[in-house]
Amino acid sequence: MKRLFFALFATLWLSACGAEPIWAPDEAVAKARYEHVGPTSVTLYTVMSTRSGAGAHAGLLINGSERVLFDPAGTWRHPKLPERNDVHFGITPKMVDFYIDYHARETYDVVEQTIMVSPEVADLIMARAKVYGAVPKANCTIAISRVLDGVPGFESLPMTWFPKRMMEGFADLQGVQTRRVTDDDADENHGVLLVQAGDTRLR
């Protein structure tokens, strides 16, 4: 347990800076809180170019005492979900589907990699994400690397700026469950946000 607390505080001095901070009020965060049924887990989402095979973005879904999405430097938003510096609260199954659908299109696939973890590890990662701070553009993977750095079970992951390299590191973790999501939607995804924003049902 002592190791877990040290890992939490180690992230404070590694926090990224220079991005526009967003801080939803306490009432909105409390109202949106969602506790997902099922084992505690961490899921890495990697957006992969279907043309070059390169990674374009990465996000981290954390299912612990509540379920949140750490989407560093991401562009996905939903008007019903409060956000605090790239941490989105109230991530129901529908919101997970929205997040995937926003990124998956004819030019990008989404690779989903899930690892089952203890409740203590899930909440440690969540706490580190919450205190990390707003993430500048092009810093998504290094932010995730720093949040996971030194966390029990994730010690083998690389410290990297590249989404594909982190995805490859996750693939080597014991017990990882992987799926690849494809979609033939047009490359322009602005309309996806408009449609999702019009659906105000969180579940």
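Residues numbered from 1 in each chain as written. Predicted model: local features only at pLDDT ≥ 70, side-chain atom pairs only at ≥ 80, totals over all residues. Heavy atoms only, no water.

**Brief notes about the pattern of salt bridges**
- Under the criterion given, the structure shown has seven salt bridges.
- Between Glu 35 and Arg 33 there is a salt bridge, with the nearest N and O atoms lying 3.3 Å from each other.
- Using a relative accessible area of 52% as the deciding quantity, one classes Glu 35 as exposed.
- Judged by its relative accessible area of 37%, Arg 33 falls in the partly exposed class.
- Close ionic contact of Arg 33 with Glu 66 constitutes a salt bridge, the shortest N to O distance being 3.4 Å. On the criterion of sequence distance, the pair formed by Arg 33 in the loop between α2 (26-32) and β1 (41-49) and Glu 66 in the loop between β2 (55-63) and β3 (67-70) is long-range, its members being 33 residues apart.
- Each of Arg 33, Glu 35, Glu 66 and Lys 130 takes part in one network of salt bridges that share partners. (Salt bridge = Lys/Arg side-chain N within 4 Å of Asp/Glu carboxyl O. Buried < 20%, exposed > 50% of the residue type's maximum accessible area, 1.4 Å probe, protein only. Helix = DSSP H or I, 4+ residues; strand = E, 2+ residues; numbered from the N terminus.)

**With respect to empty space enclosed by the protein**
- Evaluated as defined, the whole model comprises one cavity of 30 Å³ or more.
- Approximately 40 Å³ is the volume attributed to the largest cavity.
- Lining the largest cavity are Tyr 45, Leu 61, Leu 69, Trp 76, Ile 91, Met 95, Val 96 and Tyr 99.
- Considering each element in turn, the lining of the largest cavity owes the most residues, three residues, to helix α3 (residues 93-103).
- Its residues assigned to classes, the lining of the largest cavity comprises eight nonpolar, no polar and no charged. (1 Å grid on protein atoms, 1.4 Å probe; cavity = no way out; pocket = protein on both sides within 12 Å on 5 of 7 lines; lining within 4 Å. Points joined across faces, edges and corners; volume = space filled by probe spheres on them. Nonpolar A, V, L, I, M, F, W, Y, C, P; charged D, E, K, R; others polar.)

**As for the confidence of the model for the protein chain**
- Summarising the model, the protein chain shows a mean pLDDT of 90, and 86% of its residues fall at 70 or more.
- Confidence drops under a pLDDT of 50 for residues 5-17, and excluding neighbours within four residues, the segment shows 21 contacts in the predicted structure. (pLDDT = per-residue confidence, 0-100. Contact = heavy atoms within 4.5 Å.)

**Some words on helix α5 (residues 140-148)**
- Counting buried positions along α5 yields eight of nine residues, so the element is predominantly enclosed.
- Taken together, the buried positions of α5 are Cys 140, Thr 141, Ile 142, Ala 143, Ile 144, Ser 145, Val 147 and Leu 148.
- The inward-facing, buried residues of α5 contact β1, β2, β3, α4 (119-132) and α6 (163-171).
- Residue Gly 150 follows α5 closely and has a positive phi angle near 80°.

**Let's talk about the packing of α5 against α6**
- Following both chains from N to C, one finds α5 and α6 inclined at 35°, their axes separated by 9 Å at the closest point. Contacts between α5 and α6 involve Cys 140, Thr 141, Ser 145 and Leu 148 on the former and, on the latter, Pro 163, Met 166 and Phe 170.
- Taken together, the residues that form the contact of α5 with α6 break down as five nonpolar, two polar and no charged. (Axes fitted to C-alpha atoms, helices over the stretch in contact; angles between N-to-C directions.)

**Description of the pairing of strand β6 (residues 108-116)**
- For β6, the buried fraction is high: seven of the nine residues fall into the buried class.
- Alignment of β1 against β6, held across nine bridges, turns out to be antiparallel. Looking across to β6, one finds that Thr 46 is bridged to Val 111.
- Across five bridges, the pairing between β6 and strand β7 (residues 177-181) is antiparallel. Residue pairing across strands places Glu 112 opposite Arg 179, the latter belonging to β7. (Pairing = 2+ DSSP bridges.)

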